[in-house]
Amino acid sequence: SSQSRLPKLSTIRAWARRDALARQAVDEVDARRLSYISQCFSALGFPIAEARARAFILYAYEVAESLLSTQGTAAQKRERSALLQRLVQARLEPA
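Residues numbered from 1 in each chain as written. Predicted model: local features only at pLDDT ≥ 70, side-chain atom pairs only at ≥ 80, totals over all residues. Heavy atoms only, no water.

**A look at the environment of Ser35**
Position of Ser35 among the secondary structure elements: in helix α3 (residues 20-43). The sequence separation of Ser35 and Gln24 amounts to 11 residues, and the corresponding C-alpha distance is 16 Å. (Helix = DSSP H or I, 4+ residues; strand = E, 2+ residues; numbered from the N terminus.)

Quick look at the structure:
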């Protein structure tokens, strides 16, 4: 499949640690994704600072799952995903 020919995220991020142009590209993609996810949380009614924090947590989870793809069984991965979904959707009491 064409998916199997695409480089893995871990390979791209490893390259970006050694190459400034690759680092810039990765940083730009990360920033765009974080911005989009933040906008989604904001549209759900979260204040902008909280929307940004929730976006970062969600995106960091996605990156970590990609980089640690061999950790855990399929059931454990589903459990982690379900927990994260509950955490990022939960309304918190004001601090």
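**So, the confidence of the model for the protein**
Summary statistics for the protein give a mean pLDDT of 89 and a share of 92% for residues scoring 70 or more. Within the protein, the lowest mean pLDDT, 54, falls on helix α1 (residues 2-5), and the highest, 96, falls on α3. (pLDDT = per-residue confidence, 0-100.)

**Structural notes on the environment of Tyr61**
With respect to the helices, strands and loops of the structure, Tyr61 is situated in helix α4 (residues 48-67). With 23 residues separating them along the chain, Tyr61 and Leu84 place their C-alpha atoms 8.1 Å apart. In contact with Tyr61, not counting residues within four places along its chain, are Lys77, Arg80, Ser81 and Leu84. (Contact = heavy atoms within 4.5 Å.)

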